[in-house]
Amino acid sequence: MMKHARPALRILATASLLLLAACKHDAGNGNEAAMPQGGTPIVPQLIPMPAVLQQNEGSYAVDASTPLHASGAEAQRVAHQFDTYLADAKRPLPKIDNDANANDGIRFAIDASASKSAEGYVLDVTKNGVQVRASSEAGLFHGAVTLWQLLTESTGKQTLLPALHIEDAPRFAWRGLMLDSARHFQSVAQIKQLLDAMALHKLDELHWHLTDDQGWRVEIKRYPLLTGIGDCRVDAGDAGLGDGGQPLPHCEFYTQDEVRDVVAYAAARHIEVVPEFDIPGHATAAITAYPELGTAPGKLQVGHDWGVYANLLNNEQSTFDFLDNVYAELIDLFPGRYIHIGGDEAVKDQWIASPRVQQRMKELGAKDETAMQALFVAHLEQFLVAHDKKLIGWDEILEGPLPSDATVMSWRGTDGGLAAANAGHDVVMSPAPTLYFDHPQFDADTAPGQPGVQTLKSVYDYEPVPDTLAADKQAHIIGVQANVWTEHKRTFAQLQDALFPRLAALAETGWSPRDRKDFADFGERLPAMLQRYDALGLLYAKDAPAKPLDATTRNSMQLDDCNAALRWHLEDDGPRDGERDVYAVNIFKPCWLWKQADLNGVANIEVRAGRIPYNFQLAHDEAQRKFEPAVSAHGELVIRAQCNGPRLASVPLPENPDSDGFVTLKAAIPTQSTATDVCAYFTGDTRPNMWVLSKLTLAK
Ligand code: ACM
């Protein structure tokens, strides 16, 4: 409960990448207007890297007077999208016409012979003009995006393109992004902005995570309470309380008209939207709305904790009917091929504890709970196939017998995906933690998120088809996907910051041939992409050197941990609007560690501490929660030498922090003459809150 949150410590200092961006582009310096035809053409800085790119002699200048010829409805549509994207990036617009015979300017054409791949295209720049050809509208759109990238490298009134020949087609059919709209909600306008960003990276699958323990986000006409109750949540801590201390629920969902709008917007950009209704776990919001669906004793509430809830759907026939009815409405809303049924993290404790669930398992012939989950999957697979849809689910669906044409999304690393491919299933690789974009992007990244940095390079270096996979199984890996879970992405700014520029790295893995990938070369091309983000108003994380450390005071981000793998970046629960403080916190066994602290002359360790919600459902990981028991009424601040060394001090904690939300504790330590690792932590079980360290000072 921190009343006076200061702006979070997100580093806004000069970004090395931005400096690169500013230095690199001699064609992007705004002088092109005066540039003669013989000037220096731009150097193509394309992401993803095309399959074939040959540069030739000569150049062609494009400006607002350049005609854009597009004959036929498909080419005309792409031409108008192209102009809109140029306008979004504040670039001059060529003039569109439908002249089929002109030989000058830019030409967009559907040409059956252009590319064997339905998504491929050919782009030629000669001294006479630019031609983009493809056998399909999707291919032509991708070609237009490539030309857009070339024209957004400069900032002047004219771009001098080098003569070149590009032949391009994607490596993978599934180039995906999963967006979690359940934990935190994004407006339709924000999702459209993301869809445009996806299109400009040649991504083609938006996996839309619409239901979870913390919210049901899609209108289902037959079950109005899914959005009348299931979409409303009271957030943990102060964030969930009004000025008078009353609960402050917030309710958000997409109407069916809004869903259709999003789906149509995506389709116009050749992106399929794959909805996920996660079953049988991650279903607390649905069960709260319709308790007869569940097995939990007592009344539930839409969850405001993160982690894994124990609540599962039950296995009554009426629940299967409910699923059919909900999926029937989803099928109607989402015309794409795939429907995602979730299937992850369904801890089976409630099924094991329920005599009624066990009786139904016997009736249904399920020998254990895993087999019961497999029956859910088999039921839905039949239902979806009967409606001409393909089932996709998280890799847990592989634990039971799995219908052969089900597609597996590998998230618990890659083993599940490889096993699925070996068993003949199609697979999308989206392994945690590498492709989980809710982790920080670099060491000094203070964004709220999951433990462990996943850098641009680690995302880039991820290879979805390992050499160990037999050649005849490799085609089962149909693609890659990044997942942006939003427990810790409360705002759209935080979401963008998590996505970019890592999405550019994912895009290159999804699209470019394996042998065209090179991280150093990608780094050379990235500044142009960042410049495009700037032009479009997209936010992105800016790598920056860590702030120099203070000799006597450090904040939580500047301290270490005895187990960094369990160290979250958690946001404060206030203020209700605007930026909040972020703390580095180990939620299993906290210890804020100052490695090799110079304790010479230090008589006291001062800790400024506050409280934030402890809002985690740990399920079977509960046993790993190793907070030391409290000795006094409200617990203590303990200072140790090293993680498990001798106690240097112990100071009782007050029942509550001061009125500003913090308390400063002074712990006298025995005189030390050497540098020592110092570990500060709080004892006791103060759930639903926890004490966190804001600052640690070595004092006289
Ligand atoms: C997942 O991250 N639970 C799919």
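Rules and cut-offs
Residues numbered from 1 in each chain as written. Predicted model: local features only at pLDDT ≥ 70, side-chain atom pairs only at ≥ 80, totals over all residues. Heavy atoms only, no water. Pairing = 2+ DSSP bridges. Helix = DSSP H or I, 4+ residues; strand = E, 2+ residues; numbered from the N terminus. Axes fitted to C-alpha atoms, helices over the stretch in contact; angles between N-to-C directions. Expected span 1.5 Å × (residues − 1). Bend = angle between axes of the 7 residues up to and from the residue. Buried < 20%, exposed > 50% of the residue type's maximum accessible area, 1.4 Å probe, protein only. Polar contact = N/O pair within 3.5 Å; in protein donor to acceptor, adjacent residues only side chain to side chain. Salt bridge = Lys/Arg side-chain N within 4 Å of Asp/Glu carboxyl O. Phe/Tyr/Trp six-rings, centres within 6.5 Å; stacked < 30°, edge-to-face > 60°. Lys NZ or Arg CZ within 6 Å of the ring centre and 35° of its normal. pLDDT = per-residue confidence, 0-100. Disulfide = S-S within 2.5 Å. Parallel < 35°, antiparallel > 145°, perpendicular 65-115°, else oblique. Left-handed = near helix turned anticlockwise from the far one by under 90°. Contact = heavy atoms within 4.5 Å.

### Here we look at the sheet that holds strand E21 (residues 553-555)
Strand pairing in a sheet relies on backbone hydrogen bonds, with the paired strands running either antiparallel or parallel. Taking strand neighbours across the sheet as the criterion, the four strands line up as E21-E31-E25-E29 in an open arrangement whose pairing is antiparallel. Of all the strands in the sheet, just E21 and strand E29 (662-668) have a single pairing partner and so form its edges. Strand after strand, the sheet turns through a mean of 25 degrees between neighbouring axes, direction not considered. Bridging between E21 and strand E31 (residues 689-699) involves three bridges; their strand directions are antiparallel.

### Considerations on the pairing of strand E6 (residues 129-134)
Of the pairings in the sheet, the one linking strand E4 (residues 106-110) to E6 comprises five bridges and is parallel in character. Along E6, the bridge assignment pairs Ile110 with Ala134. As consecutive antiparallel partners, strand E5 (residues 121-126) and E6 are separated by two residues.

### With respect to helix H16 (residues 519-536)
The end-to-end C-alpha distance of H16, which contains 18 residues, comes to 24 Å, matching closely the 26 Å that a straight helix rising 1.5 Å per residue would cover. At Arg525, H16 shows its maximal kink, close to 35 degrees; a proline, Pro527, follows between one and four residues later. Within H16, burial applies to Phe522, Arg525, Leu526, Pro527, Ala528, Met529, Leu530, Gln531, Arg532 and Tyr533. Its side-chain oxygen placed 3.0 Å from the backbone nitrogen of Ala520, Asp518 serves as the N-cap of H16.

### Digging into the pattern of salt bridges
Across all of its chains, the model carries 40 salt bridges by this definition. For Arg133, the salt bridge goes to Asp124, with nearest N and O atoms at 3.8 Å. What makes Asp124 buried here is its relative accessible area of 18%. Each of Arg171, Glu463, Asp467 and Arg514 takes part in salt bridges that share partners, so that together they form one network.

### Section: the packing of aromatic side chains
Applying the stated rule across the entire model yields 29 aromatic pairs. Ring geometry for Tyr614 versus Phe616: centroids 5.5 Å apart, planes at 70 degrees, classification edge-to-face. Exposure remark for Tyr614: the relative accessible area of 4% places this residue in the buried category. In textbook terms, an aromatic cluster arises when at least three aromatic residues are bridged by ring pairs, as seen for Trp216, Tyr223, Phe277, Tyr290, Phe322 and Tyr327. Lying across the ring of Phe627, Arg625 places its NZ or CZ 4.1 Å from the centre.

### What to know about the confidence of the model for the chain
Low pLDDT means the predicted coordinates in that region are not meant to be read closely. With 95% of its residues at a pLDDT of 70 or more, the chain shows a mean pLDDT of 93. Across the chain, strand E9 (residues 205-209) holds the top mean pLDDT of 99, while helix H1 (residues 16-24) sits lowest at 32.

### Concerning the state of the cysteines
Summed over all chains, the structure comprises three disulfides. Note that Cys232 is cross-linked by a disulfide to Cys251, the S-S spacing being 2.1 Å. Taking the sign of the torsion about the S-S bond as the criterion, the disulfide between Cys232 and Cys251, at about 115 degrees, is right-handed. Taken as a pair, Cys232 in strand E12 (residues 232-233) and Cys251 in strand E13 (residues 250-251) lie far apart in primary sequence, 19 residues in all. Shown here is the disulfide that connects Cys562 with Cys643, its sulfur atoms set 1.9 Å apart. Between Cys562 and Cys643 the sulfur-sulfur dihedral comes to about -100 degrees; the bridge is accordingly left-handed.

### Considering the packing of helix H15 (residues 502-511) against H16
Relative orientation of the contacting elements H15 and H16 amounts to 125 degrees, with a least axis distance of 10 Å. In terms of orientation, H15 and H16 fall into the oblique class. The two elements H15 and H16 meet at a crossing, and its hand is right-handed. Of the residues in H16, those touching H15 at Ala504, Ala505 and Glu508 are Phe522, Arg525, Leu526, Met529 and Tyr533.

### Thoughts on the pairing of strand E7 (residues 159-168)
Counting buried residues in E7 gives nine out of 10 residues, a clear majority hidden from the surface. Where strand E1 (residues 52-62) meets E7, eight bridges bridge the pair, whose relative direction is antiparallel. Along E7, the bridge assignment pairs Val62 with Thr159. When E5 meets E7, the two strands line up antiparallel, connected through five bridges. The partner of Val122 across the bridge, within E7, is Glu167.

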